Amino acid sequence: MKTNFSPRVEKKFIIEKTSKKVVESNIKKLGFEEIYEPRLVNSLYYDTFNFNCYKDSEEGIVPRKKYRVRNYNSDRNYQLDIKYQNYSGRYKKTEKLSTVPKNFFDSDYGRLEKKVYVHYYRKYFSFNKIRLTLDYEIKFQNLSSYKFIKNNLQIIELKNLSNYDELVDEYTSDMFNLPFSSFSKYEKAVETIFKPNF
């Protein structure tokens, strides 16, 4: 299953009650520099009719997979991201797409259909070979009504961490003294839009 999948080593944590201005200031005080212009990220998530991908993730079942189609800003260059997790680690495969598929077929889950859109802005920082992203202004979009539901959380993700875990722990402790989180935007979107109807 890991064929063509790249290992993912990343950590994330959640900022709930701190302004974006303060968060960015704290990031820059640690030596991180902004390396790209901010981008609007648009992620369309796919799941089975009964939300089996979501349920596997919620229950911690492995192996498991997650499918999403992503584009940036108003660009029509799409990419498919397939995230795969088993007992040995987390992996991701990315493929370019010319259009947005109506559905996918997965050998384990069967037919996967469009479920929710997640939109947010992302800023990019780097320091000492560690890449940091800050996600903010997160919105969940119900595909049946196309209404947006705002989420006030900010998400920091630290990536490329295979050799820098101790350094990252020190940085994040200094930044906000918060524990790392397994937060998933897709899971939060499903819980916000659909869970009362399960």
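Read on for a plain summary of the structure. (Residues numbered from 1 in each chain as written. Predicted model: local features only at pLDDT ≥ 70, side-chain atom pairs only at ≥ 80, totals over all residues. Heavy atoms only, no water.)

1. Here we look at the nonpolar core
Of all hydrophobic cores here, the largest spans 20 residues; its most connected members are Val116, Val118 and Tyr186. Elements with a minimum of two residues in this core: β4 (39-47), β9 (110-127), β10 (130-142) and α4 (185-193). Sequence-distant contacts of Val118, that is, excluding residues within four places in its chain, are made with Val41, Asn42, Ser43, Tyr45, Ile138, Lys139, Phe140, Lys185 and Ala189. (Core = buried A, V, L, I, M, F, W, Y, C linked by side-chain atoms within 4.5 Å. Buried < 20%, exposed > 50% of the residue type's maximum accessible area, 1.4 Å probe, protein only. Helix = DSSP H or I, 4+ residues; strand = E, 2+ residues; numbered from the N terminus. Contact = heavy atoms within 4.5 Å.)

2. Comments concerning the packing of aromatic side chains
The tally for this structure, following the rule as stated, stands at 8 aromatic pairs. Residues Tyr45 and Tyr186 carry aromatic rings whose centres are separated by 4.9 Å and whose planes lie at 20° to one another, so their mutual orientation is stacked. Here Tyr45, found in strand β4, pairs with Tyr186, found in helix α4; they are 141 residues apart in sequence, far enough to count as distant. Accessibility classification places Tyr45 together with Tyr186 in one group, the buried group. Between Tyr121 and Tyr136, the aromatic rings sit 6.0 Å apart at their centres with planes inclined by 25°, giving stacked as the arrangement. Taken together, the residues span a long stretch of sequence, with Tyr121 in strand β9 and Tyr136 in strand β10 at a distance of 15 residues. Classification of Tyr136 as buried rests on a relative accessible area of 8%. (Phe/Tyr/Trp six-rings, centres within 6.5 Å; stacked < 30°, edge-to-face > 60°.)

3. Some points on unusual backbone geometry
Put simply, Val62 and Pro63 share a cis peptide bond, and its omega is 0°. Backbone geometry places Asn73, a non-glycine residue, at a positive phi of 55°. Tracing the backbone shows Asn73 in the loop between β5 (64-72) and β6 (78-86). Using a relative accessible area of 41% as the deciding quantity, one classes Asn73 as partly exposed.

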